[in-house]
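Architecture and fold: a report
The chain contents come next:
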Amino acid sequence: MKLPVRPGHLFLWRGYALVISPGIDSTPHAHFALQLSYGLDRSFRARLSPDEPWTETRSACFLANRMHQIDSNGGMLAHLFIELPRTSQTDFTDLQAAFGQHPAFAAIAATLANQAAALDMQGAEVLRLAWQACALPDSLLTTNYDTRISQALAHIHRQRDGLCTGASLARQVHLSESRFTHLFRQQTGMTLSRYLLWSRMLDAVAFVAEGQNMTAAAHESGFADLAHMSRTFRSMMGVAPSELHRMAIAFKRDAV
């Protein structure tokens with residue numbers, strides 16, 4: 001069944017995001033979040049590099065920091081982004097993920113397709129948790145950061161001005177800067193500088209949701225200018241940040 005064209009919806013929590021939107025074709029990109037994608041009214045195409053052939057699929061999973069690209073095929077897509085610790089070296093990426101055939105997922109997909117406009121944050125969170133349960137093993141969702149990294153992440157998430165640095169975070173957890181940045185990458189699978197860009201990008205999205213224009217959101221979240229924020233958004237999400245203007249955005253700033 002072909003769905004009518006509808007505005008997009010973005011639900012943002014600290015550590016999670018749920019996007020329900022007319023398909024947006026992406027350029028190759030990678031980000032600090034595991035991504036689950038589902039075609040609500042038709043299959044889409046995905047690949048892991050421009051050199052690889054496309055795979056047609058209805059459901060896909062991309063591990064955090066894994067390069068990928070999506071061709072929506074003109075359909076409605078739902079994406080769930082989940083920030084995860086670096087739990088293992090196993091690549092959980094699956095271009096034909098099985099969660100779409102999970103018995104419980106049909107009801108989730110129907111709600112995503114037909115009731116997105118009526119969802120509030122509480123309803124979106126129920127869907128998020130149900131989708132996770134269908135798609136991911138509990139072991140992958142276990143948060144097992146070193147206590148010092150957990151403290152640093154909590155501080156980063158409380159900041160909204162992009163002023164965190166490796167030196168300031170290292171002092172807070174009583175480590176040398178070199179030891180802290182090494183431990184951070186070991187635990188998260190991402191350099192501190194790139195994680196800070198990821199966090200600033202999420203802050204910028206939240207500022208847009210609060211009514212700021214793009215330029216103000218970029219400055220408030222610690223980017224040098226709008227061009228810097230736009231480059232970061234495109235490299236991490238594969239699309240221009242102007243796509244946010246087509247979405248209704250709801251967010252909740254949860255502490256870590």
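The coordinates are above.
Scope of this entry: the structure provided in the associated data block. (Residues numbered from 1 in each chain as written. Predicted model: local features only at pLDDT ≥ 70, side-chain atom pairs only at ≥ 80, totals over all residues. Heavy atoms only, no water.)

**Describing helix H2 (residues 121–135)**
- For H2, spanning 15 residues, the distance from its first C-alpha to its last is 21 Å, which sits close to the expected 21 Å at 1.5 Å a residue.
- Looking at the buried residues of H2, the elements they touch are strand E1 (8–13), strand E2 (16–22), strand E3 (34–39), strand E8 (76–82), helix H1 (105–114) and strand E9 (247–252). (Helix = DSSP H or I, 4+ residues; strand = E, 2+ residues; numbered from the N terminus. Expected span 1.5 Å × (residues − 1). Contact = heavy atoms within 4.5 Å.)

**Looking at unusual backbone geometry**
- Although it is not a glycine, Asn73 sits at a positive phi angle of roughly 60°.
- Along the chain, the position of Asn73 falls in the loop between strand E7 (69–71) and E8.
- The partly exposed category is assigned to Asn73, whose relative accessible area is 43%.
- Positive phi, normally seen in glycine, also occurs at His174, with a value near 60°.
- Considering the arrangement of structural elements, one finds His174 in the loop between helix H4 (166–172) and helix H5 (177–188).
- Classification of His174 as exposed rests on a relative accessible area of 72%. (Buried < 20%, exposed > 50% of the residue type's maximum accessible area, 1.4 Å probe, protein only.)

**A few points about helix H8 (residues 226–237)**
- Given a rise of 1.5 Å per residue, twelve residues ought to cover 16 Å, and the 16 Å separating the end C-alpha atoms of H8 matches this to within 8%.
- When we look at burial in H8, the residues that qualify are Met229, Thr232, Phe233, Met236 and Met237. Down the axis of H8, the buried side of the element spans an arc of 100°, and every buried residue falls inside it.
- Where H8 is buried, its residues touch E8, helix H6 (192–209) and helix H7 (214–220).
- In the segment just after H8, Gly238 is the residue with positive phi, at about 80°. (Arc of directions from axis to C-beta.)

By themselves, these figures tell us nothing about what the structure is for.
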